Amino acid sequence: MKKRLGLLLVDFDGVMSNSRFYETDALEDREFSDKAKEFIFSQENTVVLNSWMRGAICYQEVHRLAEQAKGLSAKRLDHLLHQSVINMDLNKLMLSYVKYLRENGVTVGLFTNNMDVFDSISRYHFNLDKYFNHIYSSSAYGQLKLENDTIIRKVIDDTHVHIDEVALVDDSQSSFDTATKYGIATFLYRNYKESQVEFETWIEKNYSLTD
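For the structure given in this document, a descriptive report is provided here. Since we're looking at a predicted model, the values are computed, not measured.

Cut-offs and rules
Residues numbered from 1 in each chain as written. Predicted model: local features only at pLDDT ≥ 70, side-chain atom pairs only at ≥ 80, totals over all residues. Heavy atoms only, no water. Phe/Tyr/Trp six-rings, centres within 6.5 Å; stacked < 30°, edge-to-face > 60°. Helix = DSSP H or I, 4+ residues; strand = E, 2+ residues; numbered from the N terminus. Buried < 20%, exposed > 50% of the residue type's maximum accessible area, 1.4 Å probe, protein only. Pairing = 2+ DSSP bridges. Axes fitted to C-alpha atoms, helices over the stretch in contact; angles between N-to-C directions. Contact = heavy atoms within 4.5 Å.

### Remarks on the packing of aromatic side chains
Per the counting criterion, the structure on display carries 12 aromatic pairs. Each ring, one from Phe12 and one from Phe118, has its centre 5.4 Å from the other, and the planes form 65°; the classification is edge-to-face. Of the two residues, Phe12 is situated in the loop between strand 2 (7–10) and helix 1 (30–40) and Phe118 in helix 6 (residues 116–125); the sequence distance between them amounts to 106 residues. Judged by its relative accessible area of 5%, Phe12 is buried. In this structure Phe118 comes out as buried when scored by relative accessible area, which is 1%. Between the aromatic rings of Phe21 and Trp52, the centroid separation amounts to 6.1 Å while the plane-to-plane angle is 40°, which identifies the pairing as tilted. Taken as a pair, Phe21 in the loop between strand 2 and helix 1 and Trp52 in helix 2 (residues 46–53) lie far apart in primary sequence, 31 residues in all. Here the two residues Phe21 and Trp52 agree in accessibility, since each one is buried.

Put into structure tokens, the structure is as follows:
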């Protein structure tokens, strides 16, 4: 007998969007954009990035660091980041499926490791609260989404579902492994363009949308 799907948690980066911070189509900004991404997302800045995703530092601090270390204009980085966020593409197939699930009684939450610009810009620019019942971002909760079970317990309390009724769709193997350890059935969204059909088939095979 299929389990009831009470709550679907949807990752943002790699599932809801494959767009990137600091991306630009403006030829005059390409070289600057490449230098920014190379430094900000470098291995040496892992601690900084995790602090940013935990909401411990803001993007302005990250940009000041880039200006001090590499001479990249912090003001120009602010503008480039804002524009890249506004210009992000969303996964229309996933949005359509989320709408279908909600119409059939499933609660859907956005569940993301993300930065302050997601909370202050993305959420409102794309009207994400229109599509999702709940939004959980690491920067808003002060910790990465699966570094312990704190946010998961918050999700359960908010939605009043049993852990057996929760599913997660995520493109990260690490998230897959950790969520599975916490007892959450997880679908690994391996390919942004090709995984949607497989994901919907997985839901249909494993879950009932009604009691």
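Next comes the rest of the write-up.
### Examining the sheet that holds strand 4 (residues 134–137)
Reading across from one edge, 4-3-2-5-6 is the order of the 5 strands in this open sheet, with parallel pairing throughout. Both outer strands of the open sheet, strand 4 and strand 6 (185–188), are each paired with one neighbouring strand and no more. Averaged over neighbouring strand pairs, the angle between their axes works out to 20° when direction is ignored. As paired strands, strand 5 (residues 166–170) and strand 6 are joined by 4 bridges and run parallel to one another. Across the sheet, Ala167 pairs through a bridge with Ala185, a residue of strand 6. On the sheet, helix 10 (residues 173–181) packs against strand 5 and strand 6 and is oriented at approximately 165° with respect to strand 6.

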